[in-house]
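# Structural description and commentary
Each chain, written out:
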Amino acid sequence: EGGQGGISSGLRKVWNVLSGEGGNPADPLEKGSNEENQRKVNELVRLANTSIEKDRVNEASRYVNELISLKPYDADYHFALGLCYRAEGKYKDALKKYQDVLDLGGPKPLVALLKAEAFAAERNKEKVYDLLKEAAVGGRNIINDVKNLPLLVEYQNDTEFIKLALQLEKFEVAASKGRD
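Residues numbered from 1 in each chain as written. Predicted model: local features only at pLDDT ≥ 70, side-chain atom pairs only at ≥ 80, totals over all residues. Heavy atoms only, no water.

### Overview of the nonpolar core
Counting 46 residues, the largest nonpolar core has Tyr98, Val128, Leu132, Ile142, Leu152 and Tyr155 as its most contacted members. Elements with a contribution of two residues or more to this core: helix 2 (35-53), helix 3 (57-70), helix 4 (75-87), helix 5 (91-103), helix 6 (108-121), helix 7 (125-137), helix 8 (142-148) and helix 9 (159-177). Contacts of Leu132, omitting those with residues within four sequence positions, involve Leu113, Ala116, Ile142, Val146, Leu152, Phe161 and Leu164. (Core = buried A, V, L, I, M, F, W, Y, C linked by side-chain atoms within 4.5 Å. Buried < 20%, exposed > 50% of the residue type's maximum accessible area, 1.4 Å probe, protein only. Helix = DSSP H or I, 4+ residues; strand = E, 2+ residues; numbered from the N terminus. Contact = heavy atoms within 4.5 Å.)

### Some thoughts on the packing of aromatic side chains
This model, assessed by the stated rule, comprises one aromatic pair. Residues Tyr129 and Tyr155 carry aromatic rings whose centres are separated by 5.6 Å and whose planes lie at 80° to one another, so their mutual orientation is edge-to-face. Placement of the pair is Tyr129 in helix 7 and Tyr155 in the loop between helix 8 and helix 9, with a sequence separation of 26 residues. For the residue pair Tyr129 and Tyr155, the accessibility class agrees, reading buried in each case. Residue placement shows Lys127 over the ring face of Phe119; its charged tip is 5.7 Å from the ring centre. (Phe/Tyr/Trp six-rings, centres within 6.5 Å; stacked < 30°, edge-to-face > 60°. Lys NZ or Arg CZ within 6 Å of the ring centre and 35° of its normal.)

### Points about the pattern of salt bridges
Scanning the entire structure with this criterion turns up 13 salt bridges. For Glu122, the salt bridge identified is with Lys92, shortest N-O distance 3.5 Å. Of this pair, Glu122 sits in the loop between helix 6 and helix 7 while Lys92 sits in helix 5, and the two are 30 residues apart along the sequence. Residue classification places Lys92 among the exposed residues on the basis of a relative accessible area of 59%. Note that Arg123 is salt-bridged to Glu154, the shortest N-O span being 2.9 Å. (Salt bridge = Lys/Arg side-chain N within 4 Å of Asp/Glu carboxyl O.)

### Observations regarding the packing of helix 4 against helix 5
Axis separation between helix 4 and helix 5 bottoms out at 8 Å; the angle between their running directions is 165°. If you check the angle between helix 4 and helix 5, you find them roughly antiparallel. Considering only the axes of helix 4 and helix 5, their crossing is left-handed. Only Tyr91, Asp93, Ala94, Lys97, Tyr98, Asp100 and Val101 of helix 5 make contact with helix 4, whose side of the interface consists of Ala75, His78, Phe79, Leu81, Gly82, Leu83, Tyr85 and Arg86. (Axes fitted to C-alpha atoms, helices over the stretch in contact; angles between N-to-C directions. Parallel < 35°, antiparallel > 145°, perpendicular 65-115°, else oblique. Left-handed = near helix turned anticlockwise from the far one by under 90°.)

Written out as structure tokens, the structure reads:
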């Protein structure tokens, strides 16, 4: 990861999304598309991945934007662009992309976590806690997540966070008692 930590891991996530580990960008194009468009999509994915490997986030963003213009309803491309913005520290832009991801049926718990991180950059504690709760209820392990996201690390020893984690733990224990 090197000294950049958050940026490199953010880029790795973009790469995973574009490589199909975060979804399936190799899905066939929408009706009316042709092989030429698919070749263009494949080339843009290759160029974006190459840019990400070289830590050229801005360049990768341009390629992902082109992918979005070719396949506007692909949540993975919007997610990849949001992660590019995140890596660049453009959290307001990332929030807009995260909303697009949700609108297109993307992963709610993960998006809630990333939105919490973006609101942490704005020092909006109330929104951070609401989103962390949403992420946890959706299945995220927020205790680990908070440890691994630099903008959220400061929350791990905060009384409100500890109360939230304990409240959710009680909720999980109570919910599992009903199961065999």
